[in-house]
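Chain residues, written in single-letter form:
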Amino acid sequence: MIRLSIVCFLLFPIVSCFAGGDNSSSVNNDPVAALESNTTAGVLASDGTSEFDTGYPLSPERKELLISYSRFKNIWRFARFFIGIIILLAFLFSGLSAKFESWAERITGKKTAVYLFYLLFYTVFLFVVNLPFDYYRGFIIEHRYGFSNQSSGEWLIESFKSEAITFVFLFIIVTIMYKLINSLKRWWLWFSIGALPFLVFVMLIYPTLIAPIFNTFKPIEQTKLGQELTALAEKAGIHNPDIFEVDASRQSKKINAYFSGVFGSKRIVLYDNTIRLFTVDELKYVMGHEIGHYMMNHMWIGIGLAIVMILIGFYLMDKILPGVIRRYSQKFKFDRLGQIASLPLIMLFISVFSFVSQPLTNGVSRIMEYDADEYGLRLSGVDAETAQVTFEKLSAYNLADPDPAGIIEFWFYDHPALNKRIANVNKLYEEISKNN
Ligand SMILES: [Zn+2]
C-alpha cells in the first residue's frame, strides 16, 4: 500500500490487504478483467451470474489477458512515475508555483490563509493536468480488462471525493511542515516525531470516517459463513471481532480482503466479490491471513517503518533541497525552502525517494505477508490445496501475474508473487502434516 503523493507517503501502512495491487486512485484499491473495450464481462447472464464468474479456472483466453494486463502494469509503473516527474518539473521551471504563491499573497496577508489559497491553486492545477493519465489508467484500462463497474461520471465523482480528502490532509501536513521549516533548524526531526500521532490518528479514523465515504460497510451476516469466520477470530483470541462486508463491486470486479484500524477501530473487511466467488473454506483461509495481520500487530510495524522512512526522507530533503533552490532560483522564482512555492520540489523529492526506497518498504511488507499466509494456514486448519486454490483464484480473477520477473517483484510487489505464496504454504502444510 504505497503511493506517491505526500499524503499517501505518510499514510502508506493504512491497510493490510490479502492481495497486492498498484492503486491507481489515491484512496481506494484500484478497481479490477476482458478483451475489447466494449467488453461483456460485466453483463449479467440469464442465470444471474456474470461472465466474470467463469474467470476461474483460468482459460487460455483469460491467460492471454492476464499476460497483457501484467505487461501493461509493468510499463505503466515507469511511465506514470516519469510523467509525474515531468509535470512537477514543468510546474517549477515555468515559475508557475511562485506565481501561485504571489496570487495567494495578493488575496490575503495571513500566512495560514496563504497556504490555503496556494494549496487550492496547486490542487486544482495538478488535478487537471493529471486527469487524462488517471482517467486512462483508472477508467479506460480498468474497463478494457473488464474490471470496472463504474460509469465515467461515477469515476469522476469519486476522484473529486479523493481529491477533497487529500486536500484536507495536505493542508494540515503542509501548514505544520512550513511552520516548522521556518522556525526550527532541525524541522525534519520534529516533523517526523509529529508524524507518529498523526499517522495513528489517521489509521484510527480511516475505517469509520474515510472508507465509508466511498463504500458501504455492513457487519457480516451471522449465517453459516459469518458464524465460522467469527469462531475463527474467537479462536485466535479476538473477542467480538468486527468483520465487515464492503460493496467493493460498486467500483470493480476485483477480489480482495483487508485489515485496517488501530485500537477500537480494528476490523477485517471482506469484499462482496470475494464472498460471492470463494467457498467457505477459502474464505476461512483469507480470514485467517487477515487475523494474522491483526494478531502480529502489522499495523504498528507499518507505522514504525513509515516513521523511519519519513525521518530519512525529510532529513535528506533538508540537506539537498536548499542547494537545488539556490542553483535554480532564477528559474523557480523563489529562493527559500520555507516558501510554500517550494512544495512541488518537495513532492518531486518524495516521488523519487519513494520510488528508490520501494525495495525496502515492499521487502518488509512481503515478509509480513508470508507470515500472515502461514498464520492463516495454521489457524484456519484448511489443507494446502484450499490455500492454493485461493491464490489461484486471486490470480485468475484479478489478472495478477503469479510469476513476475524477479526484479519486478523485488522492486514493486508489496505481496510476494502468488507462485511463491503457493510454494510457501505447500511447504508449511507438509511440515504441519509431518508433525501430526
Ligand atoms: Zn496480507
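Conventions and cut-offs
- Sequence positions are assigned chain by chain, starting from 1 and proceeding in written order.
- This being a predicted model, a pLDDT of at least 70 is required before a residue's local features are given, and a value of 80 or more before pairs of side-chain atoms are given or counted; all residues contribute to the totals for chains, interfaces and linings.
- Note on pairing: DSSP must find at least two bridges between two strands before they are called paired.
- Numbering of helices and strands starts at the N terminus; helices are DSSP runs of H or I of at least 4 residues and strands are runs of E of at least 2.
- What counts as an axis is a line fitted to C-alpha atoms, over the stretch in contact for a helix, and the angles between N-to-C directions run from 0 to 180 degrees.
- Distance between backbone-placed C-beta atoms decides contact: two residues are in contact if it is within 7 Å.
- Working definition: roughly parallel below 35 degrees, roughly antiparallel above 145 degrees, roughly perpendicular at 65 to 115 degrees, and oblique for all remaining angles.
- Left-handed describes a crossing whose near helix is turned anticlockwise from the far helix through less than a right angle; right-handed describes the clockwise counterpart.
- Just so you know the grouping, Ala, Val, Leu, Ile, Met, Phe, Trp, Tyr, Cys and Pro go in nonpolar, Asp, Glu, Lys and Arg go in charged, and all remaining residues, Gly too, go in polar.

### A few points about the sheet that holds strand β5 (residues 267–271)
With mixed pairing, five strands are arranged side by side in an open sheet as β1-β4-β5-β3-β2. Two strands in the sheet have a free side with no partner beyond their single neighbour: β1 (15–17) and β2 (217–219). Across this sheet, the average inter-strand angle for adjacent strands is 30°, counted without regard to direction. Pairing analysis gives three bridges linking β2 to strand β3 (residues 243–246), with the strands arranged antiparallel. Looking at the pairing, Phe217 lines up with Val246 of β3. The strands touched by helix α9 (residues 280–295) within the sheet are β1, β4 (257–260) and β5, with β4 carrying the most contacts at an inclination of about 20°.

### Here we look at the packing of helix α5 (residues 152–181) against helix α6 (residues 187–210)
α6 packs onto α5 with a crossing angle of 165° between their chain directions and a minimal axis gap of 11 Å. As judged from the angle between their axes, α5 and α6 are roughly antiparallel. Here α5 runs over α6; the crossing is right-handed. Residues Ile165, Ile176, Met177, Leu180 and Ile181 of α5 pack against Trp187, Trp190, Phe191, Gly194 and Ile210 of α6. Taken together, the residues of the contact of α5 with α6 sort by class into nine nonpolar, one polar and no charged.

### Some thoughts on the pairing of β3
Bridge count between β3 and β5: four bridges; the pairing is parallel. The residue of β5 that forms the bridge with Phe244 is Val269.

### Here we look at unusual backbone geometry
Negative phi characterises most residues that are not glycine, and trans characterises most peptide bonds. A cis amide bond links Tyr56 to the next residue, Pro57, at an omega of -5°. Within the secondary structure, Pro57 is located in the loop between β1 and α2 (60–93). A positive phi angle is found at Asn240, which is not glycine, with a value near 45°. A positive phi is found at Lys333, a non-glycine position, where the angle reads about 65°. By secondary structure assignment, the location of Lys333 is in the loop between α10 (298–332) and α11 (343–380).

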